Amino acid sequence: MSDVVEKTLTALPSLLSLDSQPGSTKLSSTSKLGTLIRGITELTSKHEEEKLIQRELVSIKEQVSSPNTSMRQMKELMVRAIYCEMLGYEASFSYIHAIKLAQQGTALEKRVGYLAVSLFLNESHELLLLLVNTVLKDLQSTNLIEVCMALTVVSQMFPKDMIPAILPLVEEKLNHPKEIIRRKAVLALYKFYLIAPNQVQHIHNKFRKALCDKDPGVMTASLHIYLQMIEENPEGYKDLAASFVTILKQVVGGKLPMDFNYHSVPAPWLQIQLLRILSLLGKNDPSTSEIMYEVLDESLRRAEINHNITYAILYECVKCIYTIDPKSDLLEKAAKCIGNFVLSPKINLKYLGLKALTYVVQQDPKLALQHQMTIIECLDHPDLIIKRETLEILFRITNAQNVTVIVDKMLEFLRINKDDYTTIDLVGKVAELAEKYAPDNEWFIETMSTVFSVGGDLMQPDIPNSFLKLLSEGFDSVEEDRKLRLFAVDSYVSLLQGEPGKLPQRFLQVISWVLGEYSFLREELEAATVLRLLAKLLDMKNTSSETKSWVLMAMTKLCERGAGVSVAQEVSETYSSSLDTVLRQRAQELQHLSRHSELRARVLPRDAGLEPLEVDSSLSFLDGFVSEALAAGAAPYKPPHQRQEELAQAKALSLEPYGLSLPISMSSCSIADRQSPTLLSISSGLSGESPDLSHKGGSSTLKLDGVKRLWGREGYLAQREPVEESARVEVPSPLRSPSQQGEADSSHSQTPIPTPEPEQEKQQLASSLFVGLSSQSSVCLMGKSEPTPQRFRRKAKSPGSSSSASEKTSNSLVSTPSTVDNLMCNNLLDSNITSELVVSSLEQTSQLSQGLAAANGTCDAELTDSDVKGSSPSLCGDNAVAAADPAPHEDPCKDLLLTSHLPAELSGLSHSEITPLCSNQSLDLSASHVQKEDSLVLVVFIYNSSDSDIQQILLELDSEEIEVSCVCDSAVQEASSHSVAVCQYSLTVKTPSVHVEVVGTVSYQFPAGTPQSLQFSYKLPLTCFIRPLTVSTEEYGTMWLDFSHDTKQNLTLISDGQEPLAATLNVLKKKLQLHVVEIIGMEGIVACRLLQDQPCLMHCRLNAGTLAVWLRSPVPALPDCLMYHCQRALQEH
Amino acid sequence: MQFMLLFSRQGKLRLQKWYVPLSDKEKKKITRELVQTVLARKPKMCSFLEWRDMKIVYKRYASLYFCCAIENQDNELITLEIIHRYVELLDKYFGSVCELDIIFNFEKAYFILDEFLLGGEAQETSKKNVLKAIEQADLLQEEAESPRSVLEEIGLT
């Protein structure tokens, strides 16, 4: 097909210029839109286009506002206005007219009106309110297309507050006979759910109904809602997992109509949606995952055709398999699948393969090892997207041994990358890796310098923050701290001597702080030199004032003696008249402190970055000032949290973070000063004590607190600690050069691959990249604890905690038991549920038997006075009444007499009233039916009332609805005088109807007479054939989806008890022998079967004082018949 | 799906459908930058992009680029098939579609899109059913219009 398009489109230029070409007729050269488009294509400059469009817009504006313009012309004008808007020119004057068109136009004009509205406005536009009435009207229209249009616009945009106005109408559409309307209604509800979940909370059962819709398209649409709801609360929908699995099974098995196929793949959109839902439900849930394995395996197997669409399904399958509780053979297949993606020559598949690899590499690092050569190739791929994804994989497999190579690759990418978002992301990752795994000082400082210069002012502010914090806090070895700082100073001085103008502001701030703080470490470096370098920064015209204040602060720390002071004086004079108050403040400080070296030494003691200062937290030295101010009429001070509260009450704004952090930090006051000049020194020091809370503050300035640092711990410094020793067994000393490590590790960690010569280089790269992976793999695989270094790196840091290696171990140690905990929790929960179920079912059973006993009791009382009949649950009197046409009661004696003739095996069971069938002088026929658990037995009593024996009695029964089979050993031959002969028949329903009838003939012969015959009929209600069906809620859900015949009706509710639903269901249970599966709030589910085993399911819901009953069954007429009986049972009650 | 854009090789926007509420300014900015980014890519390159914080799926059919922005967890390959099915629909409706059909009858292209995707989700994936729905609505149009001058409106029907 695309070839055809290709051909047609290559002819485009010629078509545009020549009107006489074939095809140009449909291009509407005469229409005004055509003229406009043509006009634009002829133009050569943007300026001309603008002029033309502005002219066009003026003319459109004139016409739309003219009262003489017909709706038909309006439609044409709207199309032109849409076109102008698409070209980027505003036509807001036409918005209101678009709404008018949708309101007043005929169906075809309406269509354009709605389209224009949906293109012009977005859901927060105020004009949209004017559309509400139109939508309301169209939803009620009898014209299907108008209803469709209204639903379409509603599912694209609708003002949130107006949802209640149209919700009932949309809900109503869920019952529409046309599937297209139902489908659109479901999608409209989906939209409502997205923008205002609370508005549709009460109709969750409707979603369920949509899920059970007989049209697969409507069901598919409902999955959007379910995906969303399950994403938010997977626990709430576990019961549906089995149903989703069943649906997927049916889809995969090709059970859907052909219409849903896409390039001969059954309903791929549906499949993918289901797979996504399953992965959400199966995540961290072994028992739910368990039921999915089979269908996932099936999906993997079925997707064979080499087409994009099957790959799409495979990809989703793989994602699902890796998300749910793992199963080894599935994982194996999924891994193989990922391999196929990665190795595919198709670039799109390769990309997704890499993505999948990124996704699973932490669980299964071996997979990355398997594909290392592909990864290496992709690292040099011309497409940056591929390259980028490869780096993402590498980032996740970085360890202390391969960090230098990987970071190199990332920096290389950063230098050619132009996309800001990627830069920000990648810079953060490099910084993270550098902090975690840096092999030595030089490398760390250099890498961070590159990060700062490349990341520039885009990068997350916490990167320089944590870097400076790391530098100032130091590690456990004083000597190493000194070396690191010294190296930083050296490196920054040389940077400033180069071309500082090219460095980003953030980097300059870092440099100034480091130089101000630590340049004294380099003894041969004169403070004056540094001061001059810093002063140079002040003179550069693109230095921001924020940076300048950092520089001034640094200078204040440096201006100790001699030449430095004069530089400082000069600078401070320039800036003490600055318009920027912060700069002026800094300049004043600089001026004063440079003059009084003693004061300076006290205010800014050298290398005191971390030493806690004693602070008078009550600020008592200000008491005089305060009392003076109060006396002068100032408002008394209110602590911040109090102010917040008042603010919150006034504005209802939640400003929690401040309310939390401030009071805590006030209580514990020790100050580390001299850190960030743009931040109040008090607050920086204060929050240092509560690192967790400090994140919550603003991030516009550098904050040097609360940032956890790992570098040094895991890197080269930490290993001096004895604790580290154990870790060292696994991680070869990073102090060795990378190449050495590579050799050392490749010997044991990699599967040797025979290498052709030119591959040598790649092999080397591979060995340096994938080093240490296999040793790590065991650790990672064990916990499956999703190690996210970023998270625990930044989180709670207890000062003076031991090495991060031990942290890491403890982390993995903790995480494993936690999964175990989860498992146990789940199991516990499960067992709770089961036991509950057991209990409830026991309760039910006992209730049932009680009820039945009672029913039997009445039954007995009616029939006999004393005789207590069968105890097993069965027939109730009501049934019998409904059963046979009420006949005049025979005297009880006869009944009793006949009862005694019941076959022995049936005597224990309850039976219906014995009904006379027919009689003549010599024969008296009666019948009764006995309900056995798995069958219905019809017993016919033949009473010979004559004085002679009757021979050759032959009974023939027939029925349209019922299959009658003679119970063998009851073939009657003869009946002696005044005695009873008994025949038994077993009955099964062929086609359900409200009542079933058996017609029969009895033929007999007196020994001396001619053959005679009698005819009779016996009517039974369908309810005799109904038995309870014991299923679990889950099974019920699965079955429900499978059944195609249904009926719905509102029935009267029995409300004598407190709970009408339970009371009503109880009546139904007693009278019709249904099994109540579960009652959930306003809903109840009930199951029964028609003998032998034709299931019928019932779903009831309380709805405005009635009981909305929905029956479903695979048997065509069964739901209708049963509905009739339910109705009667409730009416008779 | 967040939005769908159709633009020509020259970077001219042919169709835009936004499923997330954005201001006009943002829309214009995204359109401008995305069109540039996509046009700069070479033919053999990957059809998927991680662009800003979005996932972009695009495909070129002759001189037209079809470009979708999808949610992070959405499936890229199936989005590619959504584009393909849309092209198939256009092709079937217009009878071997070309860019000109879409330029001059863009409102039809929108109608088809609305019948195929609703609120950013595939609503009806059967080619037959989508076109049936469109044709029914079109039919309505013709019936209503027949008493009037057909010639005048011929370009728009």
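Because the structure is predicted, anything quoted here is derived from the model rather than measured.

Caption draft 1: Representation of the packing of helix α22 (residues 372–379) of chain A against helix α42 (residues 760–769) of chain A in the model. Residues and elements named next belong to chain A. It is the contact of α22 with α42, at a shortest axis distance of 10 Å, that shows an interaxial angle of 105 degrees. Judged on the interaxial angle alone, α42 and α22 are roughly perpendicular. Contacts between α22 and α42 involve Q372, M373, I376, E377 and L379 from the first element and K762, Q763, L765, A766 and L769 from the second. Tallied by class, the residues present in the contact of α22 with α42 amount to six nonpolar, two polar and two charged.

Caption draft 2: Main features of unusual backbone geometry. Residues and elements named next belong to chain A. Unusually for a residue other than glycine, H263 sits at a positive phi of about 45 degrees. Along the chain, H263 turns up in the loop between β1 (261–262) and β2 (265–266). The phi angle at N284 is positive, at roughly 55 degrees, despite the residue not being glycine. The residue N284 is located in the loop between α15 (268–282) and α16 (286–290) in this model.

Caption draft 3: Region of the structure containing the interface of chain A and chain B. At the junction of the two partners, chain A supplies 79 residues and chain B supplies 80 residues. Taken over both partners, the interface formed by chain A and chain B buries close to 7500 Å², and the fraction arising from carbon and sulfur atoms is 60%. For the pair chain A and chain B, the interface holds eight salt bridges. Across the pair D383(A) and R41(B) runs a salt bridge, and its minimum N-O distance is 2.7 Å. The interface formed by chain A and chain B holds 22 residue pairs in polar contact (both at pLDDT 80 or more) in total. Residue contributions to the side of chain A that touches chain B peak at eight residues, all from helix α5 (residues 71–86) of chain A. Tallied by class, residues from the side of chain A that touches chain B come to 40 nonpolar, 16 polar and 23 charged.

Caption draft 4: Here's a closer look at helix α20 (residues 347–360) of chain A. Taking 1.5 Å per residue, 14 residues should reach 20 Å; α20(A) reaches 20 Å between its end C-alpha atoms and fits that length. Within α20(A), 13 of the 14 residues are buried, leaving the element largely enclosed by the surrounding structure.

Caption draft 5: A look at the packing of aromatic side chains. Within this structure, the stated rule accounts for 24 aromatic pairs over all chains. Between Y61(B) and F66(B), the aromatic rings sit 5.5 Å apart at their centres with planes inclined by 85 degrees, giving edge-to-face as the arrangement. By relative accessible area, F66(B) is classed as buried at 2%. Pairing F106(B) with Y110(B) gives two aromatic rings, centres 6.2 Å apart and planes at 85 degrees, and the pair type is edge-to-face. Residue F106(B) and its partner Y110(B) are located together in helix α4 (residues 106–116), separated by four residues, close to a single helical turn. Judged by relative accessible area, F106(B) falls into the buried class, the value being 0%. For Y110(B), a relative accessible area of 1% puts it in the buried group. By way of ring pairs, the aromatic residues F444(A), F452(A), F467(A), Y492(A) and F507(A) are connected into one cluster. It is R111(A) that lies over the ring of F111(B); its NZ or CZ is 3.9 Å from the centre. Here K429(A) stacks its cationic end above the ring of F395(A), 5.3 Å away from the centre of that ring.

Caption draft 6: Representation of the pairing of strand β6 (residues 923–931) of chain A within the structure. All names here are of chain A. Where burial is concerned, most of β6 is hidden: nine out of the nine residues are buried. Side chains L923, L925, A927, H929 and Q931 project from β6 onto one buried face, and the interleaved D924, S926, S928 and V930 project onto a second face that is buried too. With antiparallel pairing between neighbouring strands as the criterion, strand β5 (residues 915–919) and β6 make up a hairpin whose turn holds three residues. Between β6 and strand β7 (residues 936–944), which follow one another and run antiparallel, lie four residues.

Caption draft 7: Broad picture of the pairing of strand β2 (residues 13–18) of chain B. Residues and elements named next belong to chain B. The element β2 is extensively covered by neighbouring structure, given that six of its six residues are classed as buried. Alignment of strand β1 (residues 3–8) against β2, held across five bridges, turns out to be antiparallel. Counterpart to M4 in the pairing with β2 is K17.

Caption draft 8: Expanded view of the sheet that holds β6(A). All names here are of chain A. Spatially, five strands are ordered β5-β6-β7-β10-β9 in an open sheet, and the strand pairing comes out antiparallel. Edge strands, defined here as strands with exactly one partner in the open sheet, are β5 and β9 (962–966). Recorded for the sheet is a direction-independent mean angle of 30 degrees between the axes of neighbouring strands.

Caption draft 9: The pattern of salt bridges, seen in detail. Residue and element names in this part refer to chain A. All chains considered together, the criterion is met by 46 salt bridges over all chains. Salt-bridge contacts for R183 lead to E179; the nearest nitrogen and oxygen are separated by 3.6 Å. Here R183 pairs with E179, and both are found in helix α11 (residues 179–195), just four residues apart, close to one helical turn. A relative accessible area of 2% places R183 in the buried class. The exposure class assigned to E179 is partly exposed, which follows from its relative accessible area of 24%.

About the criteria used
Residue numbers here run from 1 along each chain, matching the order of that chain's written sequence. Throughout, the order in which chains and ligands are written sets their labels, letters from A for the former and numbers from 1 for the latter. The predicted origin of the model limits local features to residues at a pLDDT of at least 70 and limits the giving and counting of side-chain atom pairs to 80 or more, whereas totals for whole chains, interfaces and linings rest on all residues. To obtain the side-chain values, all non-hydrogen atoms of the structure were included, while hydrogens and water were left out. Each axis is a line fitted through C-alpha atoms, and for a helix only the stretch in contact is used; angles between axes span 0 to 180 degrees, taken between their N-to-C directions. Only DSSP runs of H or I with at least four residues qualify as helices, and only runs of E with at least two residues qualify as strands; both kinds are numbered from the N terminus onward. The labels follow the angle: roughly parallel below 35 degrees, roughly antiparallel above 145, roughly perpendicular from 65 to 115, and oblique for the rest. The contact criterion used is simple: two residues touch if any of their non-hydrogen atoms lie within 4.5 Å. Classes in brief: Ala, Val, Leu, Ile, Met, Phe, Trp, Tyr, Cys and Pro nonpolar; Asp, Glu, Lys and Arg charged; the others, Gly included, polar. By definition, the buried area sums, over both parts, the 1.4 Å-probe accessible area that each loses when the two are put together. The term salt bridge refers to a side-chain nitrogen of Lys or Arg lying within 4 Å of a carboxyl oxygen of Asp or Glu. For the purposes of these results, a polar contact is taken to be a pair of N or O atoms within 3.5 Å, where, inside protein, one atom must be able to donate a hydrogen and its partner to accept one; residues adjacent in sequence count only when each atom of the pair is a side-chain atom. An expected span of 1.5 Å times one less than the residue number is assigned to each helix. Buried means the residue's accessible area, taken with a 1.4 Å probe over protein chains only, is under 20% of the maximum for its type, while exposed means over 50%, and partly exposed covers the values in between. A pair of Phe, Tyr and Trp rings is counted when the ring centres sit within 6.5 Å of each other, with Trp represented by its six-membered ring. The angle between the planes then sorts it: under 30 degrees is stacked, over 60 is edge-to-face, the rest tilted. Note on geometry: a ring has a charge over it if NZ (lysine) or CZ (arginine) is within 6 Å of the ring centre and within 35 degrees of the ring normal. What makes two strands pair is DSSP finding at least two bridges between them.

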